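# Structural features, examined
What follows is the residue order along each chain.
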Amino acid sequence: MTSTPYTVNDVMTKTVVTVTAAAEFKEIATAMERWKVTAVPVIEGEGHVVGVVSEADLLTKEEFHEHGPSLIEQMRRLGDTAKAGSVRAEQLMTTPAVTIRPDATLPQAARLMADRHIKRLPVVDADGTLLGIVSRADLLKVFLRADDDLAAEVRREVVDRLFPLSHRDITVDVTHGIVTLSGRTRDPHLIPVATRLARAVEGVVGVHCRLEGPASA
């Protein structure tokens, strides 16, 4: 019933700092510092994503800089200790890259980040070609929507459609992203539905429902 949900394409950053598999350690670190990013996709050919190098991948070199890893550390952290001795992106990157499509919803992106314990996702088309990158901060952009904008959407997509006969008796107020529905409706059994649909509007922080059924005669 509500409008089309926001997708990754709506919030992703389309200008992406990338490196090739042959990029050397210092080149990668310099790019991260210059562009103030914490990870860079590794691409080949016409932009096909083959991996991602993050700050965590680079920090293993610093971790083992003063002393080499012990035998136990080498056995327990094979991937990290290998990266500590690496000098090029192809050796440092996490591969295959965890990616997402531009038409994925924001909850889908958030769940993937949480499941894989990562902070950003390269956005790719069906062929794996880089289109952009989406970060945790990007997913929070919907919560910057203006209160008036949220109120208008809740009114249009929830109240007007769910309560066509009594919508004029219902008030929609939004403060700091929190929606308050108040008034009376001829269909009290739809009140829980209205609460659920209002909460599903992108950017809504919470919902206070004060709707009531018809006044007693």
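The following refers to the structure shown. Here the structure is a predicted model, which means the values were calculated and not measured.

For the rest of this paragraph, the subject is the overall build of the chain. Helix and strand counts for the chain stand at ten helices and eight strands. Burial analysis of the chain (217 residues in total) assigns 41% to the buried set. Residue pairs at least 24 apart in sequence account for 58% of intrachain contacts in the chain once pairs closer than 6 positions are excluded. By element, 53% of the accessible surface of the chain is carried by carbon and sulfur atoms, the whole surface being about 12,600 Å².

We now examine the nonpolar core. Counting 21 residues, the largest nonpolar core has Val154, Phe163, Val172, Val179, Leu181, Ala194 and Leu211 as the members making the most contacts within it. When residues of this core are traced back to their parent elements, those giving at least two are helix H9 (147-162), strand E6 (170-175), strand E7 (178-184), helix H10 (191-200) and strand E8 (206-212). No other element matches H9, which puts six residues into this core. With sequence-adjacent residues up to four places away left out, Phe163 is seen in contact with Val158, Ile170, Thr185, Asp187, Leu190, Ala194 and Leu211.

Another aspect to go through is the layout of surface pockets. Unfilled space is identified by rolling a water-sized probe across the atoms. In this model, the largest pocket occupies a volume close to 340 Å³. Those elements that provide at least two residues to the lining of the largest pocket are strand E3 (48-54), helix H3 (55-63) and strand E4 (120-124). Within this model, the second largest pocket holds a volume of roughly 280 Å³. Looking at the lining of the second largest pocket, the elements that each hand over two or more residues are strand E2 (39-44) and strand E5 (130-135). Residues of the lining of the second largest pocket, tallied by class, amount to seven nonpolar, four polar and four charged.

So, on to the pairing of E4. The buried count for E4 comes to five of five residues, which makes it a mostly enclosed element. Judged by which residues are buried, E4 turns out to be covered on both faces: Arg120, Pro122 and Val124 on one side and Leu121 and Val123 on the other are all buried. Bridge count for E4 against E5 is five bridges, and the pairing is antiparallel. Bridge pairing in E5 links Val124 to Leu130. Taking the residues between adjacent antiparallel strands as the criterion, E4 and E5 are bridged by five residues, where Gly128 takes a positive phi near 85 degrees.

The sheet built from three strands is open, its strands ordered E6-E7-E8 with mixed pairing. Edge positions in the sheet fall to E6 and E8, since each has one partner strand and no second. Averaged over all neighbouring strand pairs, the angle between strand axes comes to 10 degrees, with direction disregarded. Judged from the six bridges that link them, E6 and E7 form a sheet pairing that is antiparallel. Residue pairing for E7: Ile170 is matched across the bridge by Gly183. Contacts from H9 reach E6 and E7, with the element oriented near 150 degrees to E6. This element, H10, spans E7 and E8 of the sheet and lies at about 155 degrees to E8.

As a further point, take the sheet that holds E3. In spatial order, the strands read E1-E2-E3; together these three strands make up an open sheet with mixed pairing. Two strands bound the open sheet, and with one partner strand each, they are strand E1 (19-20) and E3. As judged from the six bridges shared by E2 and E3, these two strands associate in the antiparallel manner. Considered in E3, the bridge of Glu44 is made with His48.

Locating Asp57 in the fold gives a position in helix H3. The exposure class of Asp57 is buried, given its relative accessible area of 7%. At 2.9 Å, the side chain of Asp57 and the backbone nitrogen of Ser54 are in polar contact.

Rules behind the numbers
- Residues numbered from 1 in each chain as written.
- Predicted model: local features only at pLDDT ≥ 70, side-chain atom pairs only at ≥ 80, totals over all residues.
- Heavy atoms only, no water.
- Helix = DSSP H or I, 4+ residues; strand = E, 2+ residues; numbered from the N terminus.
- Buried < 20%, exposed > 50% of the residue type's maximum accessible area, 1.4 Å probe, protein only.
- Contact = heavy atoms within 4.5 Å.
- Areas by Shrake-Rupley, 256 points an atom, 1.4 Å probe, with all protein chains shown as cover.
- Core = buried A, V, L, I, M, F, W, Y, C linked by side-chain atoms within 4.5 Å.
- 1 Å grid on protein atoms, 1.4 Å probe; cavity = no way out; pocket = protein on both sides within 12 Å on 5 of 7 lines; lining within 4 Å.
- Points joined across faces, edges and corners; volume = space filled by probe spheres on them.
- Nonpolar A, V, L, I, M, F, W, Y, C, P; charged D, E, K, R; others polar.
- Pairing = 2+ DSSP bridges.
- Axes fitted to C-alpha atoms, helices over the stretch in contact; angles between N-to-C directions.
- Polar contact = N/O pair within 3.5 Å; in protein donor to acceptor, adjacent residues only side chain to side chain.

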